Amino acid sequence: MSSTSSIRVRFAPSPTGIFHVGGARSALFNWVMAKQSGGTLVLRIEDTDASRNSPEWTEGIIRALAWLGMDGGEYEGPYFQSANADKHAAAARTLVGSGRAYYCDCTREDVVARTGDRHKGYDGFCRDRGLDPGPGRALRFRTPDEGQTTVVDLLRGKPVFENALLEDFVIARADGSVTFLLANTVDDMSQGITHVVRGEEHLPNAPKQQLLWEALGSEPPVWAHIPVIVNEKRQKLSKRRDKVALEDYRAEGYLPEAMRNYLMLLGWSPSGDREIVPWEVIVEEFRIEDVNTSPAFFDEKKLRAFNGDYIRMLPVEKFVSACLPFLEDAPFEADMAVFAQLAPLAQTRVALLSEIVPMVDFVFLDEPPRDEGSWAKAMLKGPADEILAGAEDAYRDAPWRADELKTRLEQVGAEHGLRLGKAQAPVRVAVTGRTVGLPLFESLEILGRERTLARIAAARARLAADTG
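Residues numbered from 1 in each chain as written. Predicted model: local features only at pLDDT ≥ 70, side-chain atom pairs only at ≥ 80, totals over all residues. Heavy atoms only, no water.

Draft legend 1. Spatial organisation of the environment of Glu 386. Tracing the sequence through the fold places Glu 386 in helix H15 (residues 384-396). Residues Glu 386 and Lys 243, 143 residues apart in the sequence, show an inter-C-alpha distance of 47 Å. (Helix = DSSP H or I, 4+ residues; strand = E, 2+ residues; numbered from the N terminus.)

Following this line, the structure appears as structure tokens:
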């Protein structure tokens, strides 16, 4: 890749209601290329399909990019493809005038009837009929009968396409609206795009668009078709089957830094035996030429682990701030001074910010949440009532510090031949409602003596009712 400031790369999403993680990766690859070359990232919204277009969806794209770190100062635009309709129409007229395009009134049924093959492409029947534009007549590009089209691709070398195998493809519909192939080409030309980085599913379009560039008198861009992203079954990620919306991951509490780092590794690896890499290092080291062409596996479990690592790297104050939107939506009112005490305990245990609510809810609720599975596991086996009674006695006059609370419960457990891990289970469920959670004794210290003893007493009363 050249390192001059003349590089102009573009990210051109369609507003479809969600922002696909594959689109997010493409945006990041383009952004990094622009940053490291001193070039420009151009944002263009391909909004000509009225059925797949709304201002809200466009705003969703812009919000998603901003969440990833690409605010309005990081790109030129947004431009809207629909604003270029006059340029698209002018390009179509130019191609007709030069003999590189012609009107065609053939239906698919006509082609099948002539060729006898439902799988065969268009047969060029209307090439020399000299049809004028009119109802039911699409505009087709006349591909060369001979020779080859070579696509220069930074990942795939120089794929060669036989022109004879490229059918005369439609560039404008009968209603006059242009297709993706022509609109995309004209927009790239008018906006001075020098490099196009996009998914490999577009590779078959590259020779057609390159022919359009050449027919319109311009030098085609440098292409880079990045690998498809697949799920654990090695199927291409699909919004109908897989969780692909960036918005969903954000809502679950993924950090943008973690998502950004992970998406950059879908097809590319930094130097050394590492994966958690500072963004500055990624920008310095990334080279589009080093991206692997094999399908990239989107491993949600790995992404989750990444997110946990990034959460643990946050300063506690930033962790508290990051949790705030989730606490605001919780079914309780969190005292932020108390939460600040809990935060260091929770930060080492959550992998998603949304997990903070069930991790700390027991402190802010009047009564601990009821988890019947946890209750049965901790209370209906072993000497649960005896442990709770011993803890209740031991905690009435204990210095209210985590270390002392632990020592007292160890002693209670020893009286019943139990290690601390077994002895603390009924106390944990009595106080927090669950068998897993924050460190128990630090939690008791924050909850306070009065509320702790009240909950132990309530659990004993329930046990008595259940067994009586």
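Draft legend 2. Spatial organisation of unusual backbone geometry. Looking along the chain, the bond that leaves Gly 77 and enters Pro 78 is cis, with omega of 10°. In this structure, Pro 78 sits in strand E3 (residues 76-80). Of note in the backbone geometry, Arg 234 takes a positive phi value of approximately 65° without being a glycine. The exposure class assigned to Arg 234 is exposed, which follows from its relative accessible area of 55%. (Buried < 20%, exposed > 50% of the residue type's maximum accessible area, 1.4 Å probe, protein only.)

Draft legend 3. Broad picture of the state of the cysteines. In the structure shown here, the tally under the stated rule is 0 disulfides. Looking at Cys 106, it has no disulfide partner, and the nearest cysteine sulfur is the one in Cys 126, 3.5 Å off. Since its relative accessible area comes to 15%, Cys 106 is described here as buried. (Disulfide = S-S within 2.5 Å.)

Draft legend 4. Structural context of helix H10 (residues 300-313). Between its terminal C-alpha atoms H10 stretches 20 Å, which fits the 20 Å expected from 14 residues at 1.5 Å a residue. Among all positions of H10, only Leu 303, Phe 306, Asn 307, Gly 308, Tyr 310 and Ile 311 are buried. Looking at the buried side of H10, the elements it contacts are helix H7 (246-252), helix H8 (256-264), helix H11 (316-328) and helix H12 (336-347). (Expected span 1.5 Å × (residues − 1). Contact = heavy atoms within 4.5 Å.)

Draft legend 5. Quick look at the sheet that holds strand E4 (residues 101-104). An order of E4-E5-E8 is seen for the 3 strands of this open sheet, with the pairing classed as antiparallel. Edge positions in the sheet fall to E4 and strand E8 (170-172), since each has one partner strand and no second. Strand-to-strand twist of the sheet, defined as the mean angle between neighbouring strand axes without regard to direction, takes the value 45°. Note that E4 and strand E5 (residues 138-141) share 4 bridges and pair antiparallel. Note that in E5 the partner of Ala 101 across the bridge is Phe 141. (Pairing = 2+ DSSP bridges. Axes fitted to C-alpha atoms, helices over the stretch in contact; angles between N-to-C directions.)

Draft legend 6. Up close: the packing of aromatic side chains. Scanning all chains against the criterion turns up 11 aromatic pairs. Ring pairing ties together the aromatic residues Tyr 249, Tyr 254, Tyr 262, Phe 298 and Phe 306, which thus form one cluster. Over the ring of Tyr 122 we find Arg 140; its NZ or CZ atom is 3.7 Å from the centre of that ring. A cation over an aromatic ring shows up here: Arg 234 above the ring of Phe 297, its NZ or CZ 4.6 Å from the ring centre. (Phe/Tyr/Trp six-rings, centres within 6.5 Å; stacked < 30°, edge-to-face > 60°. Lys NZ or Arg CZ within 6 Å of the ring centre and 35° of its normal.)

Draft legend 7. Quick peek at the packing of H12 against helix H13 (residues 356-364). The N-to-C vectors of H12 and H13 enclose an angle of 135°; their axes lie 11 Å apart at closest approach. What the angle tells us is that H12 and H13 run oblique. Between H12 and H13 the crossing geometry is right-handed. Here Val 338, Phe 339, Leu 342 and Ala 346 of H12 lie close against H13, whose contacting residues are Ile 356, Met 359, Val 360, Val 363 and Phe 364. (Parallel < 35°, antiparallel > 145°, perpendicular 65-115°, else oblique. Left-handed = near helix turned anticlockwise from the far one by under 90°.)

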